[in-house]
Every structure is written in structure tokens, then in C-alpha cells.
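# Chains, contacts and geometry: an overview
Chain by chain, the residues:
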Amino acid sequence: MAKITLDNLAHSYSPNPKSEDDFALKELNHDWADGEAYALLGASGCGKSTLLNIISGLLIPSQGRVLFDDKDVTTAPTADRNIAQVFQFPVVYDTMTVRENLAFPLKNRGMDKAEITRLVQKVGAMIGMETELDRKARGLTADAKQKISLGRGMVREDVNALLFDEPLTVIDPHMKWELRTQLKKLHQDFGHTMIYVTHDQTEALTFADKVVVMHDGRVVQIGTPQELFERPAHTFVGYFIGSPGMNLFDAQIDGAKARVGQTHVDLGAAYAAHGKTQIGVRPEFIRMNVGGDGLPATIRRIEDVGRHRIVRLDVDGRAISAIANEDDAISSDTDRITFDPAGINVYADDWRIEPSERVAQ
Ligand code: ADP
Ligand code: MG
């Protein structure tokens, strides 16, 4: 296992990049701590695979260095990095049995037979294929083949890091949860450095201790699920994480007050904000009222999603979402919304800013 350092890293697929837009991966400095489980989360095309392939050595970055435990491996071939990588689509040897496929990376490294048998048996059970070990891979479903690919990644106990690139895409939904649980258990048992790429927030938040959120070639936040929820560092994180995501309101910030349209909003703390200023409020922190202070709002629709209800509102022509608990009464006369100050984040040019001073409530 290793600590992985990205030093001044950036990548452009174009041979002569002219501007930042030509970079699939914008400049990045980051340490992946030894033994930590990370999820790398972002929408399709934001640069996740590019980053993973640079770490594994499939791609040489156009700028910067990759270090494993402080050793420069930037141009080292994949085979010398001692990592396991699992891709979105299966990579298996069709003519081999499931057992031979799982044993392959171990045989390659000259491990003794009894140890191979033990590990293959164990991983065969983890991927739910213990009764199919002697079947040829050819003829198996894509789903089963992908489980073999996962197993081949999981079978080696001595790797520097385990990299997963959207590995559950072709897996049956029922099996996804089971396999994710197995991967988590593998991490608990062996403490590998793991990076798990996904575009699915539920997958990311349930798998990892730390989530790295990417947007448009940039890492916009690294944090625990709770930090991403409570203090989204970038408006994209607010919008991408949570269901529904954070509501954003254009606002003029004046100390501890914001003006949204004609309405004054108490921020609970003073801010010095410049540029394009907005306040972000998650649906959980919106209160619905009849009369009184607050932003004029009209209820459009109420969706019952079991644990709570999602209320879709119209606020000055914009769609806003609020969450109401099962036992909260929602009046059809609702015509105002207010915000719980503890749930307000202030953004300047899309980046969250810290309050300059707290205001006593
Ligand atoms: P993700 O894995 O998050 O979906 P990728 O890392 O695959 O994103 O892609 C990031 C960006 O780089 C995208 O705009 C994609 O079109 C571009 N890209 C990816 N691979 C190549 C390539 N081999 N050549 C040129 N552009 C590429
Ligand atoms: Mg990808």
C-alpha cells in the first residue's frame, strides 16, 4: 500500500494546448492517504478516467508528477506500479475458467499453489461465483464477466492501490449493493488505498470515507459525505449532491444580510462577498409559511417519497425545492418561504466563502 501524491498535475489530450479549456484535467495537487478509501465523483466527461489512468500509468500526464510513497513513477509503466485496476467493462480471458482468470494475476507473480487456491476460493465467494469456478468465461453473461474482473482486482493482497473505474455499470442492480459491500469489507480487512470512480452520488457516499468531487476537469471539493452536504465548497457540489440538490438564489450580500429580489434574508453571520454572489440553501433548510416575512412562493407540486415529502415551489418564476418531514403539515395557503440561517451558504463566483464574523442570534 502506498500514499499517492499528485504534484502540479495537469493533462491535455491536445499536443498544443492553448488555454485552460484544452485541459481535460486542470492543475491539481493532492495526496491520497495510504490506506484510505476514496470515491472520485463527477458527471460524465469531467476527467475521472483521465485522472485514474494517470495514476495507473496508462496515460502519461502532460504536466506534473505522480509519486508513490515519494518515489516518482510519472513515466513508469503500469506493470511496475503494482496496482490493480478494474474498468467499466469486463476484461477476462474467454478461454480460461473463472478459477484460472482469478488465479492469473497471482500466478504471474509466482505465488505458491496452495496460497493461490486459498485466495481464489475466498474471492470466488466474495463475488458470488464459488459454484462456477470451473466454468469457462466464454458464454458467461457480461454481468458475470465483470464480477470476474472485479475478483481479479480484489485477489491481490499486496497492491499499492486498488483503482475502480465505474466497475458496477454492467452489474445487475440487485447485485450492485452486494458487491459494493464486499469492496468495503475488503477495504476494512486489508486497508488498501482505494479509489472508486463513479458518477452516482449514492455509490460514492456509501462506499467512501472521503469523496473527491470533480467538475469540468477540476477537483472542486474533497470531504466527508457530511461536509459535502453541510458546506458545499462549490455551487456544483451543492447541486450535484443531495436529492434534490441545493437551491441557489442570486443575492446581494451586505454584511449579515442578503437581499434576494425585494426580500431581506438573515444570514446569521457577516460576509465580505464580491463578484457574482449567491446564497445556497438545501431543501432541508427551507421553511414554508403562510404570511409573514420571507420570499413570496407558491406550491406547484408535492411528491411523497416515503421518508419525507418534496415540495416543488415557484419563487419569482424559478423552481425551488423544499423537504417536509412526514408529520409536518403543509398548508395549501403557503405563500412565503424562509431559511434556517444554519443551512445557508454564501457563494462568490460559485465558490463558497467563509463568514468574516458570526452574528449573535
Ligand atoms: P470521465 O471519465 O469523467 O467521463 P474522461 O476522463 O474520460 O471523463 O474525459 C475527460 C475529457 O477528456 C472529456 O472531454 C473527453 O471527451 C476527453 N477525452 C477522454 N479521452 C480522450 C482521448 N483519448 N483523446 C481526446 N480526448 C479525450
Ligand atoms: Mg470515465
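Above this text is the structure in question.
Residues numbered from 1 in each chain as written. Chains lettered and ligands numbered in written order. Predicted model: local features only at pLDDT ≥ 70, side-chain atom pairs only at ≥ 80, totals over all residues. Heavy atoms only, no water.

### Considering the side chain of Ser12
Mapped onto the elements, Ser12 comes out in the loop between strand S1 (4-11) and strand S2 (25-32). On the basis of relative accessibility, which here comes to 5%, the residue Ser12 falls in the buried class. A polar side-chain atom of Ser12 sits 2.7 Å from the main-chain carbonyl oxygen of Asp22. In this structure Ser12 touches Pro17, Asp22, Phe23, Ala24 and Ser62, once residues within four positions along its chain are discounted. (Helix = DSSP H or I, 4+ residues; strand = E, 2+ residues; numbered from the N terminus. Buried < 20%, exposed > 50% of the residue type's maximum accessible area, 1.4 Å probe, protein only. Polar contact = N/O pair within 3.5 Å; in protein donor to acceptor, adjacent residues only side chain to side chain. Contact = heavy atoms within 4.5 Å.)

### Some details on the pattern of salt bridges
Applying the stated criterion to the full structure yields 21 salt bridges. Notably, a salt bridge pairs Asp94 with Lys145, separated by 3.3 Å at the nearest N-O pair. Of the two residues, Asp94 is situated in the loop between strand S6 (83-86) and helix H2 (98-108) and Lys145 in helix H4 (residues 142-154); the sequence distance between them amounts to 51 residues. Judged by its relative accessible area of 19%, Lys145 is buried. One salt bridge connects Glu354 with Arg352, and the closest N-O pair in it is separated by 3.0 Å. Accessibility expressed as a relative area gives 54% for Glu354, which makes it exposed. For Arg352, a relative accessible area of 19% corresponds to the buried category. (Salt bridge = Lys/Arg side-chain N within 4 Å of Asp/Glu carboxyl O.)

### A word on the sheet that holds strand S19 (residues 318-325)
Taken in spatial order, the three strands of this open sheet run S17-S18-S19, and their pairing is antiparallel. What marks the edges here is a single partner per strand, and that holds for strand S17 (298-304) and S19. Pairwise comparison of adjacent strand axes, ignoring direction, gives a mean angle of 25° for this sheet. Two elements, strand S18 (residues 308-315) and S19, share eight bridges in a ladder whose sense is antiparallel. Along S19, the bridge assignment pairs Asp314 with Ala319. (Pairing = 2+ DSSP bridges. Axes fitted to C-alpha atoms, helices over the stretch in contact; angles between N-to-C directions.)

### Comments concerning the nonpolar core
In this structure, Leu102, Ile148, Leu150, Phe164, Val211 and Val213 are the most contacted members of the largest nonpolar core, which totals 47 residues. Sorting elements by how many residues they give to this core places helix H3 (residues 113-126) first, with five residues. Beyond its immediate stretch of four places on either side in the chain, Val211 contacts Ala39, Leu41, Ala204, Leu205, Gln221, Ile222, Gly223 and Leu228. If you look at the next biggest cluster of nonpolar residues, it comprises 27 residues, including Ala251, Val260, Val265 and Ala324. (Core = buried A, V, L, I, M, F, W, Y, C linked by side-chain atoms within 4.5 Å.)

### Remarks on a nonpolar patch on the surface
Taken together, the side chains of Leu58, Phe87 and Val91 present a nonpolar region at the surface, about 250 Å² in accessible area. For Val91, the location among the structural elements is in the loop between S6 and H2. (Patch = residues over 30% accessible without salt bridge, like charges linked within 9 Å, V, L, I, M, F, W, Y side chains within 5 Å. Areas by Shrake-Rupley, 256 points an atom, 1.4 Å probe, with all protein chains shown as cover.)

### Quick notes on the site of ligand 1
All residues in the neighbourhood of ligand 1 are listed as Tyr13, Ala24, Ala43, Ser44, Gly45, Cys46, Gly47, Lys48, Ser49 and Thr50. Take Gly47: an N or O atom from its main chain is 3.1 Å from an oxygen atom of ligand 1. Between ligand 1 and Ser49 there is a distance of 2.9 Å, counted from an oxygen atom to a side-chain nitrogen or oxygen. In isolation ligand 1 has 560 Å² of accessible area, and contact with the protein removes 53% of it. Of the residues in the shell around ligand 1, the class split is four nonpolar, five polar and one charged. (Near = heavy atom within 4 Å. Nonpolar A, V, L, I, M, F, W, Y, C, P; charged D, E, K, R; others polar.)

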